[in-house]
Amino acid sequence: MQNPRNLLIGTWKSDRWLTLKHCHKYHRLTGARKRQFSSLFGKLVLRYTGRRVHCSLRGSEWTAKCGIIAADSESVVIRVHSDDLWKRSDPIVADILKVLSRPRLRHLHFVRRGNRQYYWIGCGTFCEWFQRQEVSKAGSSHAPCGFGRKGPAKKSIAAEAAPVFSHVARRQ
């Protein structure tokens, strides 16, 4: 396996199918509740650089400080710190973001399935899975956001958030 510190660098997208496959709560739901719960996943895109994580979710983009605290042969522990995002955010989400802006440690576990690279992260009672996104030779990402191209992102909310808590922010 590639060095996990190097493996983290790049663009990752939430994998709806794998997340729901491993989520016991999803399999107990029926009808509209099942559809509503499943619609929360598969939209978050994260691009990790040496010191930051750039996030995109449903048209909003932000960045947060991110550093690797520890690594072993199959995982990394990262520290994500969002500074004062809640002060610059929409009043509707400010209360949630106050909690999210605290420095947090997250343990990312890397897994290779066939020719694809994934990581999963514990989210309380289930795990959210992310798949590495391929980058074209021109340097632009196939991810559905502006990451990977030169110049500023298409839309910015001038905010920083802890992306690993995306499951909390999605519940609104």
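Residues numbered from 1 in each chain as written. Predicted model: local features only at pLDDT ≥ 70, side-chain atom pairs only at ≥ 80, totals over all residues. Heavy atoms only, no water.

## Overview of the sheet that holds strand S2 (residues 45-48)
Reading around the circumference, S1-S2-S3-S4-S5-S6-S7-S8 is the order of the eight strands in this closed barrel, with antiparallel pairing throughout. In this sheet, adjacent strand axes meet at a mean angle of 35° when their direction is disregarded. The pairing of strand S1 (residues 10-14) with strand S8 (residues 126-132) spans three bridges and is antiparallel. Paired with Trp 12 across the strands is Arg 132, a residue of S8. (Pairing = 2+ DSSP bridges. Helix = DSSP H or I, 4+ residues; strand = E, 2+ residues; numbered from the N terminus. Axes fitted to C-alpha atoms, helices over the stretch in contact; angles between N-to-C directions.)

## Describing the state of the cysteines
Scanning the entire structure with this criterion turns up zero disulfides. Here Cys 55 is not cross-linked by a disulfide; its sulfur's nearest cysteine counterpart is in Cys 66, at 9.0 Å. Relative accessible area serves as the criterion here: at 0%, Cys 55 is assigned to the buried category. Exposure remark for Cys 66: the relative accessible area of 8% places this residue in the buried category. (Disulfide = S-S within 2.5 Å. Buried < 20%, exposed > 50% of the residue type's maximum accessible area, 1.4 Å probe, protein only.)

## Side note on the packing of aromatic side chains
Tallied over the full model, the rule gives nine aromatic pairs. Centroid distance Trp 12 to Phe 110: 5.9 Å. Interplanar angle 50°. Geometry classified as tilted. Placement of Trp 12 in strand S1 and of Phe 110 in strand S6 (residues 104-113) is noted, with a sequence separation of 98 residues between them. The pair Trp 12 / Phe 110 is uniform in exposure class, with both members buried. (Phe/Tyr/Trp six-rings, centres within 6.5 Å; stacked < 30°, edge-to-face > 60°.)

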